[in-house]
Structure formats: C-alpha cells, structure tokens
Amino acid sequence: VTSFFRGPGSFEALTKFVFPALVRNRPAGTAIRIWVPGCATGEEAYSIAMSLQEYLQETGGAFPVQIFASDISEAAVEKARSGKYLENIAADVSPERLSRYFTKVPDGYQVSKALRELCIFSKHNLIDDPPFGKLDLISCRNVLIYLGAVHKDIISLFHYALKPDGFLMLGRSETANLDEMFSIISPDQRIYARGQTPRGPPLF
C-alpha cells in the first residue's frame with residue numbers, strides 16, 4: 001500500500017531534521033544519495049524527490065540528487081519508472097505540485113522528466129542482493145513488517161550502506177532492535193541517525 005506523501009508528518013520531519021543535516025558543511029558538487037527499498041510503484045521515491053527539491057530551492061542549495069529506488073517486483077519497478085499515475089493522485093498531491101512536477105496525460109498525470117531523472121528504479125531483493133552504498137538517507141517505511149526474523153540482518157545492512165552521518169527512516173508502525181547501531185532523532189516519525197559502531201559488510 002503506497003501513495004504520494006503518505007504520512008505527511010514524515011516529510012515534515014525530513015525537512016526539519018534530515019535535509020538541513022545533509023547540506024550542512026557539504027562539499028560543493030557532492031551528490032545527495034538516497035535509497036528507497038521496497039519502493040512499490042514509486043510514489044515514495046518521487047515524494048522524497050519533490051520534498052528535497054523544494055528544500056534545496058528554498059534554502060539556495062545546489063547539490064546533485066540521486067535517489068535509488070528498488071523493489072522485488074519487476075512490474076512495480078516498470079510502473080514507477082514510467083511515472084504515470086491516475087487522476088486520483090490529486091487527493092494527495094497539491095495543485096502547486098501537480099503543476100510543477102507533473103504533466104497531464106490521458107487518464108492521469110506523468111511525473112516530469114526532470115524529476116524522473118533524479119530517480120533510478122531497479123529490481124532488487126532486499127534479503128539476497130547487495131545494498132546500494134555511501135548513502136545519506138534510507139527510507140524503508142512499512143517494509144520490515146513483512147520480513148519477520150530477518151529484521152536485525154536488514155538493519156545491519158542499512159547501517160553498512162549508510163555514510164557515518166547518514167539517516168534511516170522506518171514506518172511508524174514498525175519497531176526494530178536498533179541497539180547501538182542507530183540513535184533516535186524523531187521518535188514519532190521513526191527517524192534515526194546512524195551510530196558510529198563499526199560493522200563489517202553484510203554476508204550474502
């Protein structure tokens with residue numbers, strides 16, 4: 001189950017806590033790298049892209065953005081890559097954002113080419129495939145609830161994939177044993193900062 005800007009408080013917390021930290025003292029030209037595992041049909045990845053672009057525009061930041069979004073479903077990835085959605089997304093996307101980031105097409109809307117080019121969609125098995133690396137933020141909301149006993153392995157994988165000053169956002173309904181690997185930044189929105197405890201690479 002996914003939609004644009006699902007859980008608006010999460011995006012407010014990203015803008016308040018995470019995005020400012022990502023750009024603070026950031027070397028010019030260094031790309032902001034984000035991973036959205038379990039991206040389904042792409043709404044989460046595009047929502048983060050819009051929020052980050054708005055933050056950079058409002059603050060005068062000028063950094064390249066790379067959003068890696070992955071899912072085990074090839075069909076979901078293809079739909080996400082196309083960026084085409086039904087007209088009912090207007091219930092979740094403001095008229096201003098529809099005008100700025102979408103083009104009207106028959107039966108709905110398509111994400112603008114400029115925004116689509118920020119997002120790289122790929123098929124990926126979170127349990128078996130190596131993670132993306134050198135990441136500033138991982139947004140994995142309401143995916144762990146389906147993964148049962150491998151929670152801790154996935155959390156270790158996220159810790160390894162993030163930069164030392166990276167962030168992790170989980171779903172509000174998810175609980176995970178993060179022990180010394182992460183510290184809480186926003187309890188209500190399940191946003192965590194990566195801890196400094198050394199971890200070896202995950203085993204695949």
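Structural notes, computed from the coordinates.

So, how was this worked out
Residues numbered from 1 in each chain as written. Predicted model: local features only at pLDDT ≥ 70, side-chain atom pairs only at ≥ 80, totals over all residues. Heavy atoms only, no water. Helix = DSSP H or I, 4+ residues; strand = E, 2+ residues; numbered from the N terminus. Rg over C-alpha atoms; globule rule 2.2 N^0.38 Å. Buried < 20%, exposed > 50% of the residue type's maximum accessible area, 1.4 Å probe, protein only. Contact = heavy atoms within 4.5 Å. Areas by Shrake-Rupley, 256 points an atom, 1.4 Å probe, with all protein chains shown as cover. Lys, Arg positive; Asp, Glu negative; His and termini not counted. Charge placed at Lys NZ, Arg CZ, Asp CG, Glu CD. Expected span 1.5 Å × (residues − 1). Core = buried A, V, L, I, M, F, W, Y, C linked by side-chain atoms within 4.5 Å. Axes fitted to C-alpha atoms, helices over the stretch in contact; angles between N-to-C directions. Parallel < 35°, antiparallel > 145°, perpendicular 65-115°, else oblique. Left-handed = near helix turned anticlockwise from the far one by under 90°. Pairing = 2+ DSSP bridges. Right-handed = clockwise from strand over helix to strand, strands pointing away.

1. As for the overall build of the chain
When helices and strands are counted, the chain shows six helices and ten strands. Taken over the C-alpha trace, the chain has a radius of gyration of 16 Å; the compact-globule value for 204 residues is 17 Å, and the two agree within 12%. For the chain, the spread of C-alpha atoms along the principal axes amounts to about 50 × 35 × 30 Å. A buried classification covers 49% of the 204 residues belonging to the chain. Considering only contacts within the chain whose residues lie at least 6 apart along the sequence, 72% involve residues at least 24 apart. Surface exposure of the chain reaches about 9800 Å², of which carbon and sulfur atoms provide 54%. Computed over 22 positive and 22 negative side-chain charges, the separation of the two mean positions in the chain equals 4 Å.

2. A closer look at helix α2 (residues 43-59)
When the terminal C-alpha atoms of α2 are compared, their 24 Å separation across 17 residues agrees well with the 24 Å that a helix rising 1.5 Å per residue should span. The buried fraction of α2 amounts to 13 of the 17 residues, a majority that puts the element mostly inside the structure. Taken from the residues just after α2, Gly 60 is the one with a positive phi, measuring 80°.

3. Looking at the environment of Ser 94
In this structure, Ser 94 sits in the loop between β3 (84-86) and α4 (95-101). When the C-alpha atoms of Ser 94 and Ser 186 are compared, they prove to be 25 Å apart, with 92 residues separating the residues in sequence.

4. A few points about the nonpolar core
With 43 residues, the main nonpolar core has Phe 4, Leu 14, Tyr 46, Ile 67, Phe 102 and Phe 121 as its most contacted residues. Of the residues forming this core, the biggest block, eight residues, is contributed by α2. The next biggest cluster of nonpolar side chains, apart from the first, holds 22 residues, and it includes Leu 126, Leu 144, Leu 178 and Met 181.

5. Re the packing of helix α1 (residues 8-23) against α2
α2 packs onto α1 with a crossing angle of 60° between their chain directions and a minimal axis gap of 10 Å. If you check the angle between α1 and α2, you find them oblique. By crossing handedness, the relation of α1 to α2 is classed as right-handed. Side by side, α1 and α2 meet where Phe 11, Leu 14, Thr 15, Phe 19, Pro 20 and Val 23 of the first sit next to Glu 44, Ser 47, Ile 48, Ser 51, Leu 52, Tyr 55 and Leu 56 of the second.

6. Examining the pairing of strand β1 (residues 32-37)
The buried fraction of β1 amounts to five of the six residues, a majority that puts the element mostly inside the structure. The pairing of β1 with strand β2 (residues 65-71) spans six bridges and is parallel. Bridge pairing in β2 links Ile 32 to Val 65. The parallel pair β1 and β2, bridged by α2, forms a crossover whose chirality is right-handed. For β1 and strand β7 (residues 135-140), the ladder comprises two bridges, and the chain directions are parallel. If you follow Ile 34 over to β7, its bridge partner there is Leu 137.

All quantities given are derived from atomic positions and should not be read as evidence of function.
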